[in-house]
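Here are the chains, one letter per residue:
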Amino acid sequence: MSTDATAEMYLPHFVVKQKLTMMINRYEISESDEAGNPVRLMALAEQKRMAFKEQVTFYSDAGKSRPVFGFKARRKLDLNAGYDITDEGGAQIGFFRKDFGASLLRSTFHVEGPGYTGTGQERNQVVGMLRRFTDVDFLPIHFDFADASGAPLFSVERKMSIGDRYRVTVPDQRVDFRVAAAIAVGLDALMSR
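Let me begin by describing the structure that accompanies this report. Just so it is clear, the model here is predicted, and its values are computed rather than measured.

## Side note on the overall build of the protein
(1) Moving on: For the protein, the count of helices and strands is two helices and twelve strands.
(2) Moving on: Listed by position from the N terminus, the elements making up the protein come as β-β-β-β-β-β-β-β-β-α-β-β-β-α.
(3) Moving on: Taking contacts inside the protein between residues at least 6 apart in sequence as the whole, the part at least 24 apart equals 39%.
(4) Moving on: Surface accessibility of the protein: about 10000 Å² in total, with carbon and sulfur atoms responsible for 54%.

Right under this line is the structure:
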C-alpha cells in the first residue's frame, strides 16, 4: 500500500454489476465488504450502445438527478485515443486507454491518475485468447493494474458466470474510486472491441 496522499474518494473494495437492456448498458456500482458483498450503492452508470463517441455518465441515483462523474473518448472512432475521466464539475481526475497493439494477445490498458501511472493486463493469456476466438460469454476476466515499479494499483475480476459482476480491489490509496469504477465499466464496454 502506498504511503503517498490518499485519493479524494478512496474505497478499498467495490462491485460493478451490469444490467442488460436493448439500447443502453446499465451498471450499478456498490461499495462492498472484503468478501465482495455490496453494502452501499455508490453510483449508477449508463452507456449508449452504438455511440460514435463513447461516453459513460455515472449518476448518484436511479432517477439520474445528479451526474457525479464519467468518462468520454477524446476522439471519435480512434481506438487508441483514450478516455478522460472527469468529476462532477467536469475536471479531469484520470485517464485510460486500451493498447490495441499489445491487446492482440492479452488485453492491455494504460491508466493515469494524480501521482501515478500504470498498466493493466489480463491475468490469464489463455482465457483471453479463448474469449477472442469463441462466443462463450461467461469466461472469467481478471485484470491486474500495477504502477511503473510493479506495485499493485487495483484489480478487476469477473468470475465465471452468466451476467457481468466485477469485484474491484484497490490496495493503492492514491487510486480514486471514480477512476477505478470508470475503468472497470470501460473494461466491460471495450472488451468486445
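## A look at the packing of aromatic side chains
(1) Moving on: All chains considered together, the criterion is met by ten aromatic pairs.
(2) Moving on: Between the aromatic rings of F14 and F177, the centroid separation amounts to 4.9 Å while the plane-to-plane angle is 80 degrees, which identifies the pairing as edge-to-face. Of this pair, F14 sits in strand β1 (residues 13-20) while F177 sits in helix α2 (residues 177-190), and the two are 163 residues apart along the sequence. Each member of the pair, F14 together with F177, is buried.
(3) Moving on: When the ring of Y83 is compared with that of F96, the centres are 5.0 Å apart and the planes differ by 15 degrees; the resulting orientation is stacked. Of the two residues, Y83 is situated in strand β6 (residues 83-87) and F96 in strand β7 (residues 92-98); the sequence distance between them amounts to 13 residues.
(4) Moving on: Overall, F96 belongs to the buried group, its relative accessible area being 1%.
(5) Moving on: Ring pairs connect the aromatic residues F14, F58, F69, F71, Y83, F96 and F177, which therefore count as one cluster.
(6) Moving on: Over the ring of Y59 we find K64; its NZ or CZ atom is 6.0 Å from the centre of that ring.

## A word on the pattern of salt bridges
(1) Moving on: Tallying each qualifying case throughout the model produces ten salt bridges.
(2) Moving on: Between D84 and R74 there is a salt bridge, and its shortest N-O distance comes to 2.8 Å. Of the two residues, D84 sits in strand β6 while R74 sits in the loop between β5 (67-73) and β6, which places them ten residues apart along the sequence.
(3) Moving on: In this structure, the salt-bridge partner of D147 is R174, at a minimum N-O distance of 3.3 Å. Within this pair, whereas D147 is found in strand β10 (residues 141-147), its partner R174 is found in the loop between β12 (165-169) and α2, the two being separated by 27 residues in sequence.
(4) Moving on: Through salt bridges that share partners, E8, D176 and R178 make up one connected network.

## Quick notes on the sheet that holds strand β2 (residues 24-32)
(1) Moving on: Read around the closed barrel, twelve strands run β1-β2-β3-β4-β5-β6-β7-β8-β9-β10-β11-β12, paired in antiparallel fashion. The average undirected angle you get between the axes of adjacent strands in this sheet is 20 degrees.

## Description of the side chain of H13
(1) Moving on: Looking at where H13 falls in the secondary structure, it is placed in strand β1.
(2) Moving on: If we ignore the near neighbours within four places in the chain, the residues touching H13 are E31, S32, D33, E34, V168 and T169.

## With respect to the pairing of strand β8 (residues 108-113)
(1) Moving on: As paired elements, β7 and β8 share four bridges and run antiparallel to each other. Looking at the pairing, R97 lines up with H110 of β8.
(2) Moving on: Inspection of the sheet shows β8 paired to strand β9 (residues 116-122) by six bridges, in the antiparallel sense. Residue pairing for β9: E112 is matched across the bridge by T117.
(3) Moving on: The hairpin formed by β8 and β9 contains two residues between the paired strands, and G115 there has a positive phi angle of roughly 85 degrees.

## Describing the environment of L153
(1) Moving on: For L153, the position within the fold is in strand β11 (residues 152-158).
(2) Moving on: The exposure class assigned to L153 is buried, which follows from its relative accessible area of 0%.
(3) Moving on: Considering only alpha carbons, one finds L153 and D172, 19 residues apart in sequence, at a separation of 4.9 Å.
(4) Moving on: Aside from chain neighbours lying at most four places away, what touches L153 is V111, Y116, T117, G118, F145, A146, D147, V170, P171, D172, R174 and V175.

## Some thoughts on α2
(1) Moving on: In this model, α2 (14 residues) spans 20 Å end to end at C-alpha, consistent with the 20 Å of a helix rising 1.5 Å per residue.
(2) Moving on: Counted residue by residue, α2 has 14 buried out of 14 residues, so it is predominantly covered.

The rules behind each value
- Residues numbered from 1 in each chain as written.
- Predicted model: local features only at pLDDT ≥ 70, side-chain atom pairs only at ≥ 80, totals over all residues.
- Heavy atoms only, no water.
- Helix = DSSP H or I, 4+ residues; strand = E, 2+ residues; numbered from the N terminus.
- Contact = heavy atoms within 4.5 Å.
- Areas by Shrake-Rupley, 256 points an atom, 1.4 Å probe, with all protein chains shown as cover.
- Phe/Tyr/Trp six-rings, centres within 6.5 Å; stacked < 30°, edge-to-face > 60°.
- Buried < 20%, exposed > 50% of the residue type's maximum accessible area, 1.4 Å probe, protein only.
- Lys NZ or Arg CZ within 6 Å of the ring centre and 35° of its normal.
- Salt bridge = Lys/Arg side-chain N within 4 Å of Asp/Glu carboxyl O.
- Pairing = 2+ DSSP bridges.
- Axes fitted to C-alpha atoms, helices over the stretch in contact; angles between N-to-C directions.
- Expected span 1.5 Å × (residues − 1).

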